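Single-letter residue listing:
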Amino acid sequence: MVDRAGNGNAGAGRARLTPRRRKKAGAGVAATLIDGKAIAAGMMQAARAEVAELEAKGWAPRLVSISVGDVAAAELYVRNQRRQAEAAGVAFEARNYPNTISLEQLSGVIAGLNADPRVNGIIIQRPLPGHIPVKALQRAVHPLKDVEGMHPASIGNIVYNDLALGPCTAVAAVEILKTLPLNIEGLDVCVIGHSEIVGKPIAFLMMGLGATVTVCHHMTRQVAVHSRAADAVFVAVGRPGLVTGAMLKPGAALIDIGINRIEGPDGTARTVGDADFDSCAEVAGWITPVPGGVGPVTVATLLRNAVLATRMQMDHYSRAFAAEQ
Ligand SMILES: Nc1nc(=O)c2c([nH]1)NC[C@@H]1CN(c3ccc(C(=O)N[C@@H](CCC(=O)O)C(=O)O)cc3)C=[N+]21
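A brief report on the enclosed structure follows. Nothing here was measured: the structure is a model prediction, and the numbers come from that model. (Residues numbered from 1 in each chain as written. Predicted model: local features only at pLDDT ≥ 70, side-chain atom pairs only at ≥ 80, totals over all residues. Heavy atoms only, no water.)

1. So, a nonpolar patch on the surface
Okay, so step 1: A contiguous nonpolar surface patch, about 450 Å² in accessible area, is contributed by Val159, Tyr160, Phe204 and Met207.
Okay, so step 2: Within the secondary structure, methionine 207 sits in helix H8 (residues 199-208). (Patch = residues over 30% accessible without salt bridge, like charges linked within 9 Å, V, L, I, M, F, W, Y side chains within 5 Å. Areas by Shrake-Rupley, 256 points an atom, 1.4 Å probe, with all protein chains shown as cover. Salt bridge = Lys/Arg side-chain N within 4 Å of Asp/Glu carboxyl O. Helix = DSSP H or I, 4+ residues; strand = E, 2+ residues; numbered from the N terminus.)

2. With respect to the packing of helix H6 (residues 152-159) against H8
Okay, so step 1: Running from N to C, H6 and H8 cross one another at 35 degrees; their axes reach a closest spacing of 8 Å. Contacts between H6 and H8 involve Ile155, Ile158 and Val159 on the former and, on the latter, Pro201, Phe204 and Leu205.
Okay, so step 2: In terms of residue class, the contact of H6 with H8 is built from six nonpolar, no polar and no charged. (Axes fitted to C-alpha atoms, helices over the stretch in contact; angles between N-to-C directions. Contact = heavy atoms within 4.5 Å. Nonpolar A, V, L, I, M, F, W, Y, C, P; charged D, E, K, R; others polar.)

3. Structural notes on empty space enclosed by the protein
Okay, so step 1: Scanning all chains against the criterion turns up one cavity of 30 Å³ or more.
Okay, so step 2: Its volume calculated, the largest cavity comes out at about 130 Å³.
Okay, so step 3: Ile124, Arg126, Leu137, Val141 and Met150 are the residues nearest the centre of the largest cavity, which is lined by 13 residues in total.
Okay, so step 4: Counting only elements with at least two residues in the lining of the largest cavity, the list comes to strand S5 (121-124) and helix H5 (134-138). (1 Å grid on protein atoms, 1.4 Å probe; cavity = no way out; pocket = protein on both sides within 12 Å on 5 of 7 lines; lining within 4 Å. Points joined across faces, edges and corners; volume = space filled by probe spheres on them.)

4. Considering helix H3 (residues 72-88)
Okay, so step 1: Over its 17 residues, H3 runs 25 Å from end to end, which matches the ideal 24 Å to within 8%, given 1.5 Å per residue.
Okay, so step 2: Backbone geometry just downstream of H3 places glycine 89 in the positive-phi region, at approximately 85 degrees. (Expected span 1.5 Å × (residues − 1).)

5. Focus: the pairing of strand S3 (residues 62-68)
Okay, so step 1: Burial analysis of S3 places six of its seven residues in the buried class, which makes it a mostly covered element.
Okay, so step 2: When S3 meets strand S4 (residues 91-97), the two strands line up parallel, connected through seven bridges. Within the sheet, the bridge partner assigned to arginine 62 lies in S4 and is alanine 91.
Okay, so step 3: Read from S3 through H3 to S4, the crossover connection turns out right-handed.
Okay, so step 4: Here four bridges tie S3 to S5, and the two strands are oriented parallel to one another. Directly across from isoleucine 66, in S5, lies its bridge partner isoleucine 124. (Buried < 20%, exposed > 50% of the residue type's maximum accessible area, 1.4 Å probe, protein only. Pairing = 2+ DSSP bridges. Right-handed = clockwise from strand over helix to strand, strands pointing away.)

6. Topic: the pattern of salt bridges
Okay, so step 1: Summed over the entire model, instances satisfying the criterion amount to eleven salt bridges.
Okay, so step 2: Two residues, lysine 57 and glutamate 53, come together in a salt bridge whose shortest N-O distance is 3.9 Å.
Okay, so step 3: The partly exposed category is assigned to lysine 57, whose relative accessible area is 48%.
Okay, so step 4: Between lysine 249 and aspartate 231 there is a salt bridge, with its nearest N and O atoms 2.7 Å apart. In this pair, lysine 249 is assigned in the loop between strand S8 (232-235) and strand S9 (253-256) and aspartate 231 in the loop between helix H9 (223-227) and S8, connecting sequence segments 18 residues apart.
Okay, so step 5: In the salt-bridge network here, residues are joined through shared partners; they are Glu50, Glu53, Lys57 and Arg311.

7. Here we look at the site of the ligand
Okay, so step 1: Taken together, 18 residues surround the ligand, and among them Asn80, Ile124, Arg126, Glu148 and Gly292 come closest.
Okay, so step 2: Contact between the ligand and asparagine 80: an oxygen atom at 2.8 Å from a side-chain N or O atom of the residue.
Okay, so step 3: Contact with the protein chains hides 83% of the accessible area of the ligand, taken as 670 Å² for the molecule alone.
Okay, so step 4: Spatially, the ligand is embedded in the largest pocket.
Okay, so step 5: Sorting the residues of the shell around the ligand by element identifies H3 and helix H11 (294-324) as the ones contributing at least two each.
Okay, so step 6: Broken down by element, the residue count for the shell around the ligand peaks at five residues, all from H3.
Okay, so step 7: A per-class count over the shell around the ligand returns nine nonpolar, six polar and three charged.
Okay, so step 8: For the shell around the ligand, the domains that each give at least three residues are domain 1 (57-147) and domain 2 (162-302). (Near = heavy atom within 4 Å. Polar contact = N/O pair within 3.5 Å; in protein donor to acceptor, adjacent residues only side chain to side chain. Sits in = over half its atoms within 2 Å of the grid points. Domains from an automatic or database assignment.)

8. Some points on the nonpolar core
Here is a general trend for soluble globular proteins: nonpolar side chains tend to be buried in one another's company.
Okay, so step 1: Counting 56 residues, the largest nonpolar core has Leu63, Leu177, Ile202, Met206, Phe234, Ile255 and Ile257 as the members making the most contacts within it.
Okay, so step 2: Mapped onto this core, the elements with two or more residues apiece are helix H2 (36-56), H3, helix H7 (168-178), strand S6 (188-192), H8, S8, S9 and H11.
Okay, so step 3: The biggest single contributor to this core is H11, with ten residues.
Okay, so step 4: Each of domain 1 (57-147) and domain 2 (162-302) gives at least three residues to this core.
Okay, so step 5: Those residues in contact with leucine 177 that sit more than four places away from it in its chain are Leu182, Ile184, Leu187, Met206, Ala232, Phe234, Ala253 and Ile255.
Okay, so step 6: If you look at the next biggest cluster of nonpolar residues, it comprises 17 residues, including Ala230, Val235, Leu248 and Ala281. (Core = buried A, V, L, I, M, F, W, Y, C linked by side-chain atoms within 4.5 Å.)

9. Brief notes about the layout of surface pockets
Okay, so step 1: Size it by volume and the largest pocket reaches roughly 1,200 Å³.
Okay, so step 2: Lining the largest pocket we find 43 residues, and of these Tyr77, Thr169, Ile257, Ile259 and Thr298 sit closest to its centre.
Okay, so step 3: Those elements that provide at least two residues to the lining of the largest pocket are H3, H7, strand S10 (260-263) and H11.
Okay, so step 4: Among the elements that take part in the lining of the largest pocket, H3 stands out by supplying eight residues, more than any other.
Okay, so step 5: Here the residues of the lining of the largest pocket sort into 22 nonpolar, 15 polar and six charged.

Put into structure tokens, the structure is as follows:
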């Protein structure tokens, strides 16, 4: 891994393009495939050690996921969360409420989880039904249990460069870039997509590491003017094939955060990113595949947040308890 300034060595997870992968990625491939699964495995190994330490102190981490209605988009994520939680030794409970649940009822459920010292992390899966606006719930989860990093306090802490529980996908994307042999201080970075939970937090996180950041969005007139000037490009829009090789500086790093389900020519559904992989792999220096890139690191970051939240709660209670002695 690299130090805070982003100097230095290649971390785990930089898989050289094997001949098979090179063949799959197409002729003339220049890019090194970033192995999100290997990076996630390294993070999970550290998380497992921390869980054992916390359990020995009577603080076994417990994560509760809440979804409402029948949410295909979240199902895959919840399945991978459960798998990684079990691998890390984090207790995982997935609750699914019917679409008929009201905002008040759901807020009551979350208040109960906030108050329960056995629950250390709470995730509210997106999307939620129309009658439950996400904004209404952003403050519902206690900041000490906000493993998604959605609470305004968690988002605000990023501006202060005081990162405790950061938004998982944004933190995961930046963690991946930090494994590359790039000096992040002064690096020209282009973020395509300015969502509150991904694009904007990435921009602040990269500024905190000393990068020069440009953020492009649907009103940007010529995205390629900015993306071709960048040493590293993050894309999180939700549009398959949005970024092509012609939009990249040769040798740049491309971190593809898109998760799009599309139907292949033979009618089978598959997950692709926002990059046109083949044309980008011919120009980029490094590229994250979808699946196998940001996704697994997002889940590992969520579990790392669950362990960190448990430690923060343990410290909070012991400070409060010690104060009463
Ligand atoms: N509050 C909230 N936060 C989220 O971050 C959030 C959410 N709700 N709702 C659903 C979406 C989707 N999402 C994924 C993250 C990782 C994988 C993942 O693990 N993907 C693997 C497997 C993909 C596959 O098997 O097709 C990969 O990319 O390699 C998938 C989907 C997070 N989401």
